[in-house]
Amino acid sequence: MPASYAYLGPEGTFTEVALRTLPETATRELVPYVSVQSALDAVRTGEAEAAFVPIENSVEGGITTTLDELVAGQPLMIYREVLLSITFALLVRPGTKLSDIKTVTAHPAAQPQVRNWLKAHLPDAAWESAASNADGARLVQEGRYDAAFAGEFAAERYGLEVLEADIHDAENAQTRFVLVGRPARPAAPTGADKTSVVLWQRDDHPGGLRDLLGEFATRGVNLMLLQSRPTGAGIGNYCFCIDAEGHISDRRVADALMGLKRSCLQVRYLGSYPRAEVAPADVAALRPGTSDEAFVAAADWVARCQDGRF
């Protein structure tokens, strides 16, 4: 029996479409789960080899449900990422007209991406959140709601019609998805990589976040995502989810992580993995003094100083 990949279901989600772009899915059983939490828990329990879930979109930023699941619980690790361009279709039961629509549904992350369209075309329609966009389509099929925002490809799967297509408030909107598994050795660096971590401050003090970010800045490591998430320990207590350019095997990245490990209460490593749709040749040149060779030369100089050979 083939190993399985869990994903945010049901069938017909943008998540499934993005997942099927990975070549290895040809030899995996793809199993839909009702939530991000249940998909990731399937990995933690060994029920699935990996889970594929959304983690960020270009309109609203980080998907908090996914970030919070990676922050808490048994550690997991990101191995791949996929970017998918997103536009929505308004799906309805056959024969439904725009004037018939009193209720609409979709995943909460969809609402900011269609808010202006809704205001212009369905200002009086009531919005109800669904577990996923495809689940919203299923609920429309069952008669629970009048319309759903989902991928156009979901219409046939749920016996619905596309009343309006290509709906989006922001041009070139994208969602980033990640393949998550149990912790193991990260893949070898490609030259166009990303490293994800979660940081907890040791204490709250003026300039605390600046100190954390300084560990990256002084080593020439560019940050691609910075988002705070509440720890649950009371108002004002936050951890920080960070994506940084580079691989943990790069000296500058490893040195930054060592500095953070010394100064932070806790550091959770979420993996180093290839950046989606970026070739090594397109990665910006490193700042002077931040290459692996520069770190080796500096370490050699310190050793020579210690031996009196400077």
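Everything numeric in this text was worked out from a predicted model, so none of it was measured.

J.: Can you walk me through the environment of E142 in this structure?
T.: Within the secondary structure, E142 is located in the loop between helix 5 (133-141) and strand 9 (147-150). In terms of polar contacts, E142 uses its side chain to reach the side chain of R138, at 2.7 Å.

J.: Got a minute to help me understand the sheet that holds strand 8 (residues 126-129) in this structure?
T.: Picture the strands of a sheet paired through backbone hydrogen bonds; they go either parallel or antiparallel. Taken in spatial order, the 5 strands line up as 8-7-9-6-10 in an open sheet, and their pairing is mixed. Of all the strands in the sheet, just strand 8 and strand 10 (161-167) have a single pairing partner and so form its edges. Neighbour-to-neighbour, the strand axes of this sheet turn through a mean angle of 25°, independent of strand direction. For strand 7 (residues 103-106) and strand 9, the ladder comprises 2 bridges, and the chain directions are parallel. Looking at strand 9, one finds that T105 is bridged to A148. Across the face of the sheet, helix 5 comes into contact with strand 6 (88-92), strand 7 and strand 9 while running at roughly 160° to strand 9.

J.: It is not clear to me how the packing of aromatic side chains should be interpreted in this structure. Could you clarify?
T.: The description of two aromatic rings rests on the distance between their centres and on the angle between their planes. Counted by the stated rule, this structure contains 5 aromatic pairs. Residues F14 and F88 carry aromatic rings whose centres are separated by 5.5 Å and whose planes lie at 85° to one another, so their mutual orientation is edge-to-face. With F14 in helix 1 (residues 14-19) and F88 in strand 6, the pair connects residues that are 74 residues apart, well separated along the chain. An identical accessibility class is assigned to F14 and F88; each is buried. Ring plane angle 90° and centroid distance 5.9 Å describe the contact between W117 and F149, whose orientation is recorded as edge-to-face.

J.: Explanation requested: the UniProt feature "domain: ACT" (unreviewed entry) in the protein in the structure shown.
T.: Under the present numbering, the feature "domain: ACT" (unreviewed entry) in UniProt falls on residues 197-274. Along residues 197-274 one finds 29% helix and 37% strand; the C-alpha atoms at either end are 15 Å apart.

J.: Just checking my understanding: could you explain a nonpolar patch on the surface for this structure?
T.: Together, W301, V302 and F310 line one region of the surface with nonpolar side chains, adding up to about 380 Å² of accessible area. One can find W301 in helix 9 (residues 292-306).

J.: Please explain the layout of surface pockets as it appears in this structure.
T.: Over the atoms rolls a probe the size of a water molecule, and its path tells where empty space is left. There is about 290 Å³ of room inside the largest pocket. Taken together, 17 residues form the lining of the largest pocket, with E245, R252, V283, A284 and L286 sitting closest to its centre. Considered class by class, the residues forming the lining of the largest pocket number 7 nonpolar, 4 polar and 6 charged.

J.: How should the domain arrangement of the protein be read in this particular structure?
T.: Bring the parts together and some accessible area is lost; that lost area is often taken as the interface size. Entries for the protein in the domain assignment read domain 1 (1-86 + 173-184), domain 2 (88-167) and domain 3 (185-309). When each unit is reduced to the centre of its C-alpha atoms, the spacing between domain 2 and domain 3 is 42 Å.

J.: For this particular structure, what's the right way to read the UniProt feature "domain: Prephenate dehydratase" (unreviewed entry) in the protein?
T.: In this structure's numbering, the residues bearing the UniProt feature "domain: Prephenate dehydratase" (unreviewed entry) are residues 4-182. Split by type, residues 4-182 is 26% helix and 34% strand. Its first and last C-alpha atoms lie 14 Å apart.

Calculation notes
Residues numbered from 1 in each chain as written. Predicted model: local features only at pLDDT ≥ 70, side-chain atom pairs only at ≥ 80, totals over all residues. Heavy atoms only, no water. Helix = DSSP H or I, 4+ residues; strand = E, 2+ residues; numbered from the N terminus. Polar contact = N/O pair within 3.5 Å; in protein donor to acceptor, adjacent residues only side chain to side chain. Pairing = 2+ DSSP bridges. Axes fitted to C-alpha atoms, helices over the stretch in contact; angles between N-to-C directions. Contact = heavy atoms within 4.5 Å. Phe/Tyr/Trp six-rings, centres within 6.5 Å; stacked < 30°, edge-to-face > 60°. Buried < 20%, exposed > 50% of the residue type's maximum accessible area, 1.4 Å probe, protein only. UniProt positions renumbered as here; feature names shortened; annotations may be inferred. Patch = residues over 30% accessible without salt bridge, like charges linked within 9 Å, V, L, I, M, F, W, Y side chains within 5 Å. Areas by Shrake-Rupley, 256 points an atom, 1.4 Å probe, with all protein chains shown as cover. Salt bridge = Lys/Arg side-chain N within 4 Å of Asp/Glu carboxyl O. 1 Å grid on protein atoms, 1.4 Å probe; cavity = no way out; pocket = protein on both sides within 12 Å on 5 of 7 lines; lining within 4 Å. Points joined across faces, edges and corners; volume = space filled by probe spheres on them. Nonpolar A, V, L, I, M, F, W, Y, C, P; charged D, E, K, R; others polar. Domains from an automatic or database assignment.

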